[in-house]
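# Fold and contact review
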Amino acid sequence: MAEPRARKVVLTEDEMPTRWYNILHDLPTPPPPPLHPGTGQPVGPEDLAPLFPMDLILQEVSGEQYIDIPEEVLDVYRLWRPSPLIRAYGLERVLGTKTRIYYKYEGASPAGSHKPNTAVPQAYYNKKAGITKLTTETGAGQWGTALSFACAQFGMTCEIWQVRASYDGKPYRKVMIETLGGVIHPSPSTLTASGRAILEQDPHSTGSLGIAISEAVEVAAQSPDANYALGSVLNHVMLHQTIIGEEALLQFEHFEDWPDLVVGCAGGGSNLAGLTFPFFRERWLNNRKVVIRGVEPASCPSLTQGTYAYDFGDTAGMTPLMKMHTLGHDFIPDPIHAGGLRYHGMSPLVSHLYETKEMEAVAKTQRECFDAGVLFARAEGIIPAPESTHAIAEAVRAAKAEEHGSILIGLSGHGLIDLGAYQAYLAGELTDHTWADDELKKSVADALTRLPAIPA
Ligand SMILES: *Cc1c(COP(=O)(O)O)cnc(C)c1O
């Protein structure tokens, strides 16, 4: 008889971490602050108050190392957390590799991705501040689903602008969102001035996350009972996601192992940050060795081919200016299937870690990613989200080359609402798209000339 072997570690509810980790406390050098576009000065809490509740604003700028997770949030987290850490024996076997491969699976959440980890606390803190409605944007629809779920938990309304290309291409997301109680519009819409301005120029605009953010921000800014919620990029979002990495550290103790390489896909950076920030702490404070690598789509390569500069988070220019890797706030990416990775910018914290060479990044074309996604599905039984296949593809490459003893993959979600993408892949209809460096540098430089002059 074969020895029984541990395939996964599932922590008990009592073992679930009760604090988020704030990487700002331990960063070797501080990141550049967000600036007010009018004054060029760092934004203060009062600048953000029209959009966010004070608890979240304070988390955005906090220097505390740990922040306690409120009991009301832990209670909702326990619906699906702790999430499992699984040893990918099946994938190791088909690759014929000696590398030990693990994946941290966030797809068992109600929304099917890591996004409820921040949607739930964002809804909670807004509710506590007396807000009754949250507005937001969504690309492929995962964030809209997560926020609709979170708002329903706390008896709030959720109004969502979804990028037109995905609204038309992924109709089941709309059904999920409406079933969970959310209200959803295609973006650009005629409901906002920013949407109407885009439609005037291009009545057939397929939209972008930047445009949808402008619409959601505009509506929240005009209503005292409504706030805006962002699903990635901001510091407080990265903070809430660190529960992923904190759990993974405990689970590796049970496996009596340690990952030499940690890979995650990167759109705005939140699942990558959530998985890896606690590992950075272990590197800096406990001298643990770990390579950390983000994987982005070649068609939207903000880290590997973007410019590190102050830029807006949205297309209409309503957000503070953030120093980040950007393709330009009016960049409209190719409609690739990993909708959640089609954002022009990157979290300022993730950008800073990349710029200071604490983190690595690579870009991949979609066919290599779907090759790996299908291999993974057949080996492990989980159909990964198109976004997550980017991390899997890099892990597959590194495991074949046996570059590391062990690898941890951030499996940010499942792809069961993205079967249209798999259908296109299986039918041989997916095409790859890459950018020439000078093409991108020029379009970013153009976008940055349209920024307000930053007073010195
Ligand atoms: C939204 C999403 C992403 C990309 O967003 P990040 O903020 O970079 O994590 C990745 N994977 C899944 C499953 C998503 O839903």
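My aim in this report is to walk through the structure given alongside it, one point at a time. (Residues numbered from 1 in each chain as written. Predicted model: local features only at pLDDT ≥ 70, side-chain atom pairs only at ≥ 80, totals over all residues. Heavy atoms only, no water.)

### A few points about the pairing of strand β15 (residues 406–411)
Note the threshold: Residue burial is assigned from relative accessible area. The probe radius is 1.4 Å, only protein chains are included, and a residue is buried under 20% of its type maximum, exposed over 50%, and partly exposed in between. Here a strand is any run of E in DSSP of at least two residues, a helix any run of H or I of at least four, and the numbering for each starts at the N terminus. The pairing criterion for strands is at least two bridges between them, as found by DSSP.
With 6 of 6 residues buried, β15 lies mostly within the body of the structure. Pairing geometry for strand β5 (residues 100–105) and β15, over 6 bridges, is parallel. Pairing of Y105 across the sheet is with L411, part of β15. Looking at chain direction, strand β10 (residues 261–265) and β15 are connected through 3 bridges and run parallel. Bridge pairing in β15 links V262 to L408.

### Comments concerning the sheet that holds strand β14 (residues 360–364)
Heads up, the rule is: Every residue pair with non-hydrogen atoms within 4.5 Å of one another is taken to be in contact. Axes here mean lines fitted to C-alpha atoms, for a helix over just the part in contact, with angles spanning 0 to 180 degrees between N-to-C directions.
Sheet architecture is open: 7 strands sit in the order β1-β4-β5-β15-β10-β11-β14, paired in mixed fashion. Unpaired on one side and paired on the other, β1 (8–9) and β14 mark the two borders of the sheet. Inspection of the sheet shows strand β11 (residues 291–297) paired to β14 by 5 bridges, in the parallel sense. In the sheet register, E296 faces β14, and the bridge partner there is A363. Relative to β14, helix α16 (residues 366–380) is tilted by about 95°, and along the sheet it contacts β4 (85–87), β5, β14 and β15.

### Concerning the nonpolar core
Stated formally: Nonpolar cores were defined as sets of buried Ala, Val, Leu, Ile, Met, Phe, Trp, Tyr and Cys residues, with membership established by side-chain atoms within 4.5 Å.
Counting 34 residues, the largest nonpolar core has W20, Y77, V120, L134 and L147 as the members making the most contacts within it. Top element by residues in this core is helix α6 (residues 142–153). It accounts for 6 residues. Counting 33 residues, the second largest nonpolar core, distinct from the first, contains A248, F280, V290 and V350.

### Examining the environment of T276
Here is the rule we go by: Polar contacts here mean pairs of N or O atoms no more than 3.5 Å apart (in protein, one a potential hydrogen donor and the other a potential acceptor; neighbouring residues in sequence count only if both atoms are side-chain atoms).
Along the chain, T276 falls in helix α13 (residues 270–286). Residue class for T276 comes out buried when judged on its relative accessible area of 0%. In this structure, T276 is in contact with V262, I292 and M359, ignoring residues within four places of it in sequence. Of the polar contacts made by the side chain of T276, one reaches the backbone oxygen of L272; its length is 2.7 Å.

### Quick look at the pattern of salt bridges
As a reminder of what qualifies: We define a salt bridge as a contact between a side-chain nitrogen of Lys or Arg and a carboxyl oxygen of Asp or Glu at a distance within 4 Å.
Considering all chains together, one arrives at 25 salt bridges under this definition. The salt bridge involving D75 is made with R78; its shortest N-O contact spans 4.0 Å. Classification of R78 as partly exposed rests on a relative accessible area of 26%. For K364, the salt bridge is made with E394, and the minimal N-O distance between the two is 3.0 Å. Placement of the pair is K364 in strand β14 and E394 in helix α17 (residues 388–400), with a sequence separation of 30 residues. E394 matches K364 in its accessibility class, with the two residues each being buried.

### Side note on empty space enclosed by the protein
Quick note on the threshold: Method remark: on a 1 Å grid restricted to protein atoms, a set of points is classed as a cavity if a 1.4 Å probe fits but cannot get out and as a pocket if it is open with protein on both sides within 12 Å along at least five of seven lines; lining residues have an atom within 4 Å of a point. Grid points are joined across faces, edges and corners, and a volume is the space filled by probe spheres set on the points. As a working rule, the residues Ala, Val, Leu, Ile, Met, Phe, Trp, Tyr, Cys and Pro are called nonpolar, Asp, Glu, Lys and Arg charged, and the rest polar, with Gly in that last group.
In total, this model carries 6 cavities of 30 Å³ or more according to the counting rule given. Lining the largest cavity are 32 residues, and of these K115, L209, S232, G268 and G340 sit closest to its centre. If you list the elements that add at least two residues to the lining of the largest cavity, you get β6 (133–138), α6, α10 (209–222) and α13. Split into classes, the residues belonging to the lining of the largest cavity amount to 10 nonpolar, 19 polar and 3 charged.

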